[in-house]
Amino acid sequence: MVLPGTIWLLLFSYLPMFGTVIAFKNFRYDPNGFFASILNSEWVGFENFKFLFNTNDAWIITRNTVLYNLVFIVVGLVLAVFVAIVLNELANKKLSKIYQTGMLFPHFLSWVVVSYFVFTFLSVDRGLLNNILLWFGVEDPISWYNEAEYWPFIIVLTSMWKGVGYGSIVYLAAIVGIDKNYYEAAMIDGANKWQQIRNITIPMITPLIVILTILNVGRIFSADFGLFFQVPRDSGPLYSVTNVIDTYVYRGITTMGDISMSTAAGLYQSIVGFALVMLTNYLVQKVDKEYALF
């Protein structure tokens, strides 16, 4: 039973690690094949990293990736826990299932499909949002795909719409598994719903919240490529607020053809993410060892 997962892990997680050496080379294609290209390329040490960090792009992509993920972690956690509690408290369980299915559905849509949904709202001439603004007296339509200041809110809102329903499933499962005797005892003592949630539900799911937060912190340097590439429709004027490490690596390969610097950016992303997991887990251990991931 473990073998398929082990093979997948080896092929897609460990075998590609050989390619990280490209970050330290000036990659040149060799007719004898990809592996020959890696072996025969000139060793340049940390030159690719120096070039990356000496550009303005390094600061922009790092800032965008970290800040967006911090917002996603905090807002996503709050909304996911809130939705899970609300669904659990609904008296009509059939209605709860309908709501849960409706909130889960966006998770299964690809970002390409979501980008078209967003475009129907933000299109300059036929966009629903500009038509709504027109009703309120705003005569000049806003060119949303050329105005960077609106996009941090659009990105966060789109990400939450797509992901909160799926993120609430784990918390809902944890809440359902809480022993009902705790709530019955609290009701006998006169606790209202809010007091039950604050003193029973949230403390009981706190270990799960901490573990998932640690895992999310480890991915704080990994952005959702589809969200930041498809939804803004790769619009150049929006790069200052939508360009993240993943899109930078993609554009570095497809536009500039610079495989070495793109690999350096990806390796930088992985190392910092690993360090953040270790640091976060260490800090949690200092507070309470039972809540730590390992």
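Definitions and limits used
- Residues numbered from 1 in each chain as written.
- Predicted model: local features only at pLDDT ≥ 70, side-chain atom pairs only at ≥ 80, totals over all residues.
- Heavy atoms only, no water.
- Helix = DSSP H or I, 4+ residues; strand = E, 2+ residues; numbered from the N terminus.
- Contact = heavy atoms within 4.5 Å.
- UniProt positions renumbered as here; feature names shortened; annotations may be inferred.
- Expected span 1.5 Å × (residues − 1).
- Bend = angle between axes of the 7 residues up to and from the residue.
- Buried < 20%, exposed > 50% of the residue type's maximum accessible area, 1.4 Å probe, protein only.
- Polar contact = N/O pair within 3.5 Å; in protein donor to acceptor, adjacent residues only side chain to side chain.

### Some words on the environment of Y171
Following the sequence through the fold, Y171 ends up in helix α8 (residues 151–176). For the pair formed by Y171 and Y239, sequence separation is 68 residues and the distance between their alpha carbons is 35 Å. When near neighbours in sequence (up to four residues on either side) are disregarded, Y171 contacts L77, A80, V81, A84, L208, I209 and L212.

### What about the UniProt feature "domain: ABC transmembrane type-1" (unreviewed entry) in the protein?
If you check UniProt for "domain: ABC transmembrane type-1" (unreviewed entry), the listed places come out as residues 62–280 in our numbering. In this annotation, residues 62–280 is assigned 74% helix and 0% strand; the end-to-end C-alpha distance for the span is 19 Å.

### Observations concerning helix α10 (residues 193–218)
Compared with the 38 Å implied by 1.5 Å per residue over 26 residues, the 35 Å span of α10 between its first and last C-alpha is a close match. If you look at α10, its biggest bend is around 45 degrees, right at T206, and the proline P207 turns up within four residues after that. Looking at α10, one finds that the buried residues are Q196, I197, I200, T201, I205, I209, V210, I214, V217 and G218. Lining the buried residues of α10 we find α4 (56–89), α8, α9 (180–188) and α14 (259–287). Taking the backbone nitrogen of W194 as reference, a side-chain oxygen 3.3 Å away marks N192 as the first, capping residue of α10.

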